[in-house]
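Fold and contact review
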Amino acid sequence: MTSTLLRGRTLSFLRWPETVDDHPAWRYEDDGGLLLRNGRIVAAGAYADVEKKADEGAKKIDHRPHLLLPGLIDAHAHFPQMQVIASYGAELLDWLNTYTFPEETKFQNAQHGRRIARLFLDEVVRHGTTTVAAYCSVHRESAEAFFAESHDRNMLNIAGKVMMDRNAPEGVLDTPQSAYDDSKALIAEWHGKGRQHYAITPRFAITSSPEQLEMASALCREHPDLHMQTHLSENHAEIAFTLQLYPKASDYTDVYEHYGLLGRKSLFGHCIHLSEREADALSDTGSVAVFCPTSNLFLGSGLFDYQRYRRREKPLRIATATDVGGGTNYSMLRTMDEGYKVIALNGEKLNPFQSFWQLTRGNAEALSIVERIGTLDPGSDADIVVLDARATPAMRLRMETADTLAEELFLLQTLGDDRAVREVYVAGRAAKTDMAIWLSHTSRLDPAAAIGQSLQRS
Ligand SMILES: [Zn+2]
C-alpha cells in the first residue's frame with residue numbers, strides 16, 4: 001500500500017467565515033502535512049504530527065512555500081462549448097442560436113466528443129479545478145465521451161446529457177421519449193461508477209416542451225438521489241419568451257416548480273432576475289442558485305446579488321461557476337475575481353476567506369458532496385490544488401508587500417490564473433504532472449491530441 005506525504009501551507013474551511021478575523025472558520029497550518037492513501041486523505045495537521053503517521057515507504061513531496069487547498073469546484077460549465085468561448089457580440093438567445101447550437105451539433109460525432117471531453121478535462125485540471133458540474137450536448141454519445149474521460153482520470157464529476165426538444169436546430173433536438181430513454185441508459189451505465197455522478201439536465205424551459213419537462217420530472221422522481229441542473233432567469237428576453245411558452249406559469253421559477261424540479265440537489269444556473277416569490281420558492285426547497293460572473297458580464301445578462309441572496313430572511317444556497325463557454329475563463333480564481341467585481345457593483349464586498357470558502361467547501365456543500373470533497377479533512381477524497389502566489393513577476397512583486405494570509409489569498413484571486421497552479425492532485429494522483437507526461441506520449445500516437453496541444457501553445 002503506497003502512500004504520499006505532502007508538505008506545505010495547508011488551508012481548509014470548517015464553515016462560512018464571517019470576517020477576515022473569524023479564525024475558527026478555517027484550519028491553517030504554516031508547516032502542514034497531508035497523508036494520502038488509496039485516493040483519500042488519511043491524516044492532516046502539523047507536518048511533524050502527520051509525518052509520524054506515515055509508513056516507511058511513503059513518497060514525500062515538499063510543496064513549501066506554496067498553499068495546499070482542497071481542489072477547486074466549478075458548479076456549472078458546458079464542455080461542448082470549448083470552441084464557442086470568445087464568440088463576439090450577442091446576448092443569450094442570439095448567442096445560443098448563432099454560435100452554440102451549431103457548434104453542439106458536431107457532438108453527434110462520438111470521436112469529436114471524445115477529443116473535446118479530453119481537452120476539456122485537461123484544461124479544467126490545469127486550472128486547479130478537480131470537480132465540475134458539466135452539461136454535455138443533447139447527444140448520448142457526448143455524455144458517454146465525458147464520463148469515459150472523467151472515469152479514466154478518476155475525477156469526481158457531475159454531468160448529464162442535455163434534454164432539448166424544441167426551439168433549436170434539428171441536429172441538437174431529441175424527443176421527450178428519447179431524452180428519457182437516453183438519460184435512463186446513461187444513469188444505469190455511469191451513475192455511481194467510480195466517482196461519476198449523473199445529473200438530469202433539461203437545458204432550460206425554452207428548449208423543453210411541457211411533455212419533456214414531464215419526463216425530466218419522472219426521472220427526478222425515479223432517481224431522487226441524482227442532481228438536476230438547468231438554467232433560470234438569466235436574461236430578460238429569455239424570461240419573456242419562457243412566459244409566452246408557459247402562459248399558465250405565474251413566473252419562470254413556477255415552470256420548474258410545477259414539474260417538481262426544485263430541491264436540494266437542483267442546480268439553477270444564473271438566477272439573476274428573480275422576484276422575491278421566486279427566491280422564496282428556491283429557499284424553501286433548498287434549491288441552489290449558481291453564480292456565473294464571467295458569463296453574466298460577457299453576455300450582459302445582469303448582476304447576481306450574492307450578498308442579498310445570502311442574507312435575506314429566506315437565504316439561498318449559492319454555488320459559483322465558470323459557465324464556459326458563455327463564461328470567459330476556465331479558472332475559478334478568475335471567476336471569483338469577476339464575482340468580487342459583480343458584488344462590488346451591488347455595493348457589497350466578499351472577503352478573501354469567504355471567496356476561498358466558496359470555491360472549496362461552499363461549492364461542495366451546495367452540490368451536497370461535502371462528505372467527499374471540498375475540505376482537507378481526513379476521510380475526504382484526496383483532491384488537492386497547490387497554489388503559488390508568486391507565480392508571475394507582477395505577483396511576486398506584489399507579494400513583497402503582502403503581510404497576511406488574507407492579502408495573499410486576495411492577490412491569488414485578483415492576479416492569479418492557471419500559472420498560479422503548481423500541482424493538482426486528483427484522488428491522490430499528481431494530475432498536472434502526469435498529464436504533461438501523458439500528453440507528451442499521446443501526441444506521438446494521436447494526431448487529435450497533438451492538434452489540441454499546439455492550439456494550447458499558440
Ligand atoms: Zn450554462
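The shown structure was predicted, so the numbers you read here are calculated from the model rather than taken from an experiment.

Of the regular secondary structure elements, the protein holds 17 helices and 16 strands. Taken over C-alpha atoms, the radius of gyration comes to 21 Å for the protein, in line with the 23 Å a tight globule of 458 residues would show. Each of the three principal axes of the protein carries a C-alpha extent, and together these read 65 × 55 × 40 Å. Within the span of the protein, comprising 458 residues, buried residues form 62% of the whole. Restricting the contact set of the protein to residue pairs at least 6 apart, pairs at least 24 apart contribute 75%. Here the protein displays about 17,200 Å² of accessible surface, and carbon together with sulfur accounts for 52% of that area. If you average the places of the 49 positive and of the 62 negative side-chain charges in the protein, the two averages end up 5 Å apart.

This part covers the coordination of the zinc ion. Looking at the zinc ion, the protein donor atoms are His76 (NE2), His78 (NE2), His231 (NE2) and Asp323 (OD), and they sit 2.1 to 2.4 Å from it. Taken together, the 4 donor atoms surrounding the zinc ion define angles of 89 to 167 degrees at the centre, an arrangement classified as irregular. Sequence positions of the residues that donate to the zinc ion give the spacing H-x1-H-x152-H-x91-D. Taken individually, His76 and His78 each receive the classification buried, so the pair is uniform in this respect.

So, on to a nonpolar patch on the surface. A cluster of nonpolar residues, Leu297, Leu303 and Leu345, forms a patch on the protein surface that exposes about 260 Å² of accessible area. Within the fold, Leu297 resides in helix 10 (residues 293–298). Judged by relative accessible area, Leu297 falls into the partly exposed class, the value being 35%.

Strands sit in the order 3-2-1-4-14-15-16 across an open sheet of 7 strands; the sheet is mixed. On the outer flanks of this sheet lie strand 3 (40–46) and strand 16 (429–430), each paired with one strand and no other. Looking at chain direction, strand 1 (residues 3–13) and strand 4 (residues 59–70) are connected through 6 bridges and run parallel. By the bridge assignment for strand 4, Thr10 is matched with Leu68. Packing against the sheet, helix 13 (residues 352–366) makes contact with strand 1, strand 2 (26–37), strand 4 and strand 14 (384–387), and its axis sits at approximately 130 degrees to strand 1.

Looking now at the UniProt feature "domain: Amidohydrolase-related" (unreviewed entry) in the protein. Listed under "domain: Amidohydrolase-related" (unreviewed entry) in the UniProt record, and renumbered for this structure, are residues 68–429. End-to-end, the C-alpha atoms of residues 68–429 are 14 Å apart, and along that stretch the chain is 44% helix and 17% strand.

Another point: the packing of helix 4 (residues 140–152) against helix 5 (residues 176–190). It is the contact of helix 4 with helix 5, at a shortest axis distance of 10 Å, that shows an interaxial angle of 15 degrees. As far as their axial angle goes, helix 5 and helix 4 are roughly parallel. Of the two elements, helix 4 crosses helix 5, and the hand of that crossing is right-handed. Between helix 4, through Arg140, Ala143, Glu144, Phe147, Ala148 and His151, and helix 5, the contact on the second element is made entirely by Asp182, Ala185, Leu186, Glu189 and Trp190. Class assignment for the residues of the contact of helix 4 with helix 5 results in 6 nonpolar, 1 polar and 4 charged.

Another aspect to go through is the packing of aromatic side chains. Overall, the coordinates contain 17 aromatic pairs when judged by the stated rule. Ring centres of Trp26 and Phe353 lie 3.7 Å apart, and the angle between their planes is 5 degrees; this geometry places the pair in the stacked category. Highlighted residues: Trp26 in strand 2 and Phe353 in helix 13, separated in sequence by 327 residues. Owing to a relative accessible area of 9%, Trp26 belongs among the buried residues under this scheme. On the basis of an interplanar angle of 50 degrees and a centroid distance of 6.1 Å, the ring pair of Phe291 and Tyr306 is categorised as tilted.

Turning to the side chain of Thr253, a few remarks are in order. In this fold, Thr253 is placed in helix 8 (residues 252–258). Given the relative accessible area of 0%, Thr253 is considered buried. Setting aside residues up to four positions removed in sequence, Thr253 forms contacts with Leu232, Leu262, Leu274, Arg277, Glu278, Ala281 and Leu282.

Analysis parameters
Here the residue index of a chain counts from 1 through its sequence in written order. Owing to the predicted nature of the model, reporting of local features is limited to residues with pLDDT of at least 70; listing and counting of side-chain atom pairs is limited to 80 or more, with chain, interface and lining totals taken over all residues. Side-chain measures here rest on the full set of heavy atoms in the structure, leaving out hydrogens and waters. By definition, any uninterrupted DSSP run of H or I lasting at least four residues is a helix, any uninterrupted run of E lasting at least two residues is a strand, and each is numbered from the N terminus. Throughout, radius of gyration means the C-alpha value; the globule benchmark is 2.2 Å times the number of residues raised to the power 0.38. Exposure categories follow from relative accessible area, calculated using a 1.4 Å probe and restricted to protein chains: below 20% of the type maximum is buried, above 50% is exposed, and the middle band is partly exposed. When checking whether two residues touch, look at their non-hydrogen atoms; a contact exists if any pair is within 4.5 Å. Each accessible area is a Shrake-Rupley estimate made with a 1.4 Å probe; only the visible protein chains count as cover when residues are assessed. When charges are counted, neither His nor the chain ends are considered; positive counts come from Lys and Arg and negative counts from Asp and Glu. Where a charge lies is defined by one atom per residue type, namely NZ (Lys), CZ (Arg), CG (Asp) and CD (Glu). The donor set comprises N, O and S atoms within 2.8 Å of the metal, extended to 3.2 Å for Na, K and Ca; water molecules are omitted, so apparent gaps in a site may simply reflect that omission. The geometry test gives tetrahedral to four donors whose angles all lie between 85 and 135 degrees, gives square planar to four donors and octahedral to six donors whose opposite members are over 155 degrees apart with all other angles between 65 and 115, and gives irregular to the rest. In this scheme, patches are assembled from residues that exceed 30% relative accessible area and form no salt bridge. Like charges are connected within 9 Å, while nonpolar side chains (Val, Leu, Ile, Met, Phe, Trp, Tyr) are connected within 5 Å. Definition used for salt bridges: Asp or Glu carboxyl oxygen within 4 Å of a side-chain nitrogen of Lys or Arg. Should DSSP find at least two bridges between two strands, the strands are regarded as paired. All axes here are fitted lines through C-alpha atoms, helices being fitted over the stretch that makes contact, and every angle between N-to-C directions spans 0 to 180 degrees. UniProt positions are given in the numbering used here, feature names are shortened, and annotations may be inferred rather than shown by experiment. Any angle that falls under 35 degrees is termed roughly parallel, while one over 145 is termed roughly antiparallel, one within 65 to 115 roughly perpendicular, and all others oblique. For a crossing to be left-handed, the near helix must be turned anticlockwise from the far one by less than a right angle; the clockwise case is right-handed. Only Asp, Glu, Lys and Arg are considered charged, only Ala, Val, Leu, Ile, Met, Phe, Trp, Tyr, Cys and Pro nonpolar, and every remaining residue, Gly among them, polar. The criterion for an aromatic pair is that two Phe, Tyr or Trp rings (for Trp, the six-membered ring) have centres within 6.5 Å, with stacked assigned to planes under 30 degrees apart, edge-to-face to planes over 60 apart and tilted to the rest.

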